[in-house]
Amino acid sequence: MEYRLLGKSGLKVSVISFGGMRIPNVSDEVAYKAVNRCIDLGINFFETAPGYGDSERKIGLSLGKRRKDVFLSTKTTICSADDFRKKIEEQLKRLQTDYLDFYQMWYVNSQEEFEKIIAPGGLLEGAKQAMKEGIVKHIGITTHAPNAAVRNMIASGLFESITLYHNLFKQEYAEEIKLAHEKNMGIVVMGPLNGGMLGDKGEKFNFLQRGKAKSNAVGALRWLVGNPEISTAIVGIDTAEHAEEVVLAGDMYDDIKNTNDVELLSKEAEKFRNVSKDGCCTWCQYCKECPAGLNIWEIMDLHTVMKIYGTLDTCKEKYSKMPKKADLCTECGKCNERCPQHLKPMEQLKKAHQIFN
Ligand code: SF4
Ligand code: SF4
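Remember, it's a predicted structure, so these values are computed and weren't measured experimentally.

Undergrad: Before we go on, may I ask you to explain the environment of Cys-335 in this structure?
TA: For Cys-335, the position within the fold is in helix α14 (residues 334-338). In this structure, the C-alpha to C-alpha distance between Cys-335 and Lys-170, residues 165 residues apart in sequence, is 21 Å. With residues near it in sequence (within four places) discarded, Cys-335 still touches Cys-287, Ile-296, Pro-345 and Met-346.

Here is the structure:
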């Protein structure tokens, strides 16, 4: 496993890290094995959030005495400094720790939201106070904001790391990654497999298997590892077997650095990028409070699968079995507001219904 500096923080983190968004789907026992296998394999950066179901509790439970062997990072959305205090105390309890190596200002998705968190009495003030007390060691920011706002976040110099969505299919923040690197910020990549899509075992993505990469997921991660500006890529790991697969990319910088694979793979991925731009749902489920009770991401996923693989009959059949279909949408627009990928799910659901019904 290769270790890279997480910007000015001075922490040396594994280039492949553990994202806690998938472990709510598995039992405590499976989560325990996944977390501990990751540590055995050299992963030392663990990232989670209070919004990922019971992820914080499971990570705390699984780390046990090995807490000191890893860097632990969690986050919270916009709130006041006072509310932050209450939240972090609960988080520390769930994570069974008395300090956090990194604390992320989470989901800061516009210039206005950025201004809110840095205003007096805001989230950043609360996090800085926690830093003075030794509860938080370093502060970062995670964002899906428009490029100009992201540049302002970088230029502010207020954060030691920035977490951006970046992968072979989605490279909208490529320039901001460069800028953040020049500012000596740690660069944490979220969505390295585009919500799992790049880990698909289907033949369409077999072009990813170059050099030592023998699976699509490893090929996609190898591409990220090939960029030395990236400090670490967070992979949503939920089983020990999954850890064993993805960790292979953590040693592949030498395998890719003297090749033209970074450019070549990016070019190959171009034909899928348009589909992705229009409709690749990452299953983040930020849209889950749909008043019509729709599992928006399941419908979005079918729509994407159909566009990439052209499997209309299979998708129609799956859609017919869904208990709630897109025609129940009341057009309240909430999913459009909440979608960090700006996918306009409301409109896409309409299209999907027309195609599949
Ligand atoms: S616009 Fe439709 S799909 Fe989106 S949250 Fe509202 S009811 Fe649900
Ligand atoms: S539609 Fe958007 S908000 Fe909903 S799960 Fe997909 S990416 Fe997330």
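Read on for the rest.
Undergrad: Help me out: how do you make sense of the domain arrangement of the chain in this one?
TA: Interfaces are frequently sized by the accessible area removed from exposure as the parts join. Domain parsing of the chain yields domain 1 (3-271) and domain 2 (281-356). Here domain 1 and domain 2 have C-alpha centroids that lie 26 Å from each other. Opposite the 14 residues of domain 1 that make contact, domain 2 presents 10 residues. Between domain 1 and domain 2, roughly 1100 Å² of surface is buried when both sides are summed, and carbon and sulfur atoms account for 52% of that area. Scanning the region where domain 1 abuts domain 2 turns up zero salt bridges. Applying the counting rule to domain 1 against domain 2 returns three residue pairs in polar contact (both at pLDDT 80 or more). When its residues are assigned to classes, the side of domain 1 that touches domain 2 shows five nonpolar, five polar and four charged.

Undergrad: How should the sheet that holds strand β6 (residues 100-105) be read in this particular structure?
TA: The strand order around the closed barrel formed by eight strands is β3-β4-β5-β6-β7-β8-β9-β10, and the pairing between neighbours is parallel. Each adjacent strand pair in this sheet contributes to an overall mean axis angle of 30°, direction not counted. Summarising the sheet, strand β3 (residues 16-19) and strand β4 (residues 45-47) pair through two bridges and their orientation is parallel. By the bridge assignment, Phe-18 is partnered in β4 with Phe-46.

Undergrad: So what exactly am I meant to see when it comes to helix α8 (residues 216-225) here?
TA: Think of an α-helix as turning once every 3.6 residues; residues three or four places apart then point the same way. For α8, a buried count of 10 out of 10 residues is recorded, marking the element as mostly surrounded by other parts of the structure. For α8, every residue scored as buried is listed here: Asn-216, Ala-217, Val-218, Gly-219, Ala-220, Leu-221, Arg-222, Trp-223, Leu-224 and Val-225.

Conventions adopted
- Residues numbered from 1 in each chain as written.
- Chains lettered and ligands numbered in written order.
- Predicted model: local features only at pLDDT ≥ 70, side-chain atom pairs only at ≥ 80, totals over all residues.
- Heavy atoms only, no water.
- Helix = DSSP H or I, 4+ residues; strand = E, 2+ residues; numbered from the N terminus.
- Contact = heavy atoms within 4.5 Å.
- Domains from an automatic or database assignment.
- Buried area = accessible area lost by both parts, 1.4 Å probe.
- Salt bridge = Lys/Arg side-chain N within 4 Å of Asp/Glu carboxyl O.
- Polar contact = N/O pair within 3.5 Å; in protein donor to acceptor, adjacent residues only side chain to side chain.
- Nonpolar A, V, L, I, M, F, W, Y, C, P; charged D, E, K, R; others polar.
- Pairing = 2+ DSSP bridges.
- Axes fitted to C-alpha atoms, helices over the stretch in contact; angles between N-to-C directions.
- Buried < 20%, exposed > 50% of the residue type's maximum accessible area, 1.4 Å probe, protein only.

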